[in-house]
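Listed below, chain by chain, are the residues.
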Amino acid sequence: MTMTLTTTQRISPDWPCQVKTPGSYDWERSAAKWLRELVPARYASYPLMLRQPVLLGRHATIQVQQEIRVARTALQTARADLPRLGMPESVIEHTIKLYAAELMQLQHIARSVRCVTQALVESHAGR
């Protein structure tokens, strides 16, 4: 049996490649699977989270925002804190680059989570 996609929905550049296109076969399952990878395992295993992908998206949004705060704090305090911990300048510089790269990655993930969660909300509103 072949399913024909009738949706002409435009996908955001922030849409994660691991998640199928909204409206396609099994797309919500792929969205939930991707979102589960972003939250701590104990949350992802709660039956309510498994049954309600919008709730999972909400929690993933909060989780990623907290990770962004942590990365910003680590980046902003690295120059002052790391020398006191005995870190050499070369390690400090590499650490700052690592935190900056992680912050950019987390910001991209946050945009992706917003896209997926919004698509899930719209999908559930139409039911």
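This text follows the structure it describes.
I will try to describe carefully the structure that is included in this document. Along each chain, residues carry numbers from 1 onward, in the same order as the chain's sequence is written. Since the coordinates come from a predicted model, pLDDT governs what is reported: local features require at least 70, and pairs of side-chain atoms require 80 or more to be given and counted, while whole-chain, interface and lining totals use all residues. Excluded from the side-chain calculation are hydrogens and water; included are all heavy atoms of the structure.

Numbering of helices and strands runs from the N terminus, with a helix taken as a DSSP run of H or I at least four residues long and a strand as a DSSP run of E at least two residues long. Its location among the elements puts alanine 100 in helix H5 (residues 89–125). On the basis of relative accessibility, which here comes to 29%, the residue alanine 100 falls in the partly exposed class. Separated by 86 residues in sequence, alanine 100 and aspartate 14 have C-alpha atoms that sit 19 Å apart. Buried residues are those whose accessible area, probed at 1.4 Å on protein chains only, stays under 20% of the maximum for their type, while exposed residues exceed 50% and partly exposed ones sit between those limits.

What follows covers the pattern of salt bridges. Charged atoms that come close allow side chains of opposite charge to pair. Here a salt bridge means any side-chain nitrogen of Lys or Arg lying within 4 Å of a carboxyl oxygen belonging to Asp or Glu. In total, this model carries five salt bridges according to the counting rule given. A salt bridge links arginine 79 to glutamate 89; the shortest N-O distance between them is 3.6 Å. With arginine 79 in helix H4 (residues 53–84) and glutamate 89 in helix H5, the pair connects residues that are ten residues apart, well separated along the chain. Salt-bridge contacts for glutamate 93 lead to arginine 79; the nearest nitrogen and oxygen are separated by 2.6 Å. Taken together, the residues span a long stretch of sequence, with glutamate 93 in helix H5 and arginine 79 in helix H4 at a distance of 14 residues. Exposure remark for glutamate 93: the relative accessible area of 26% places this residue in the partly exposed category.

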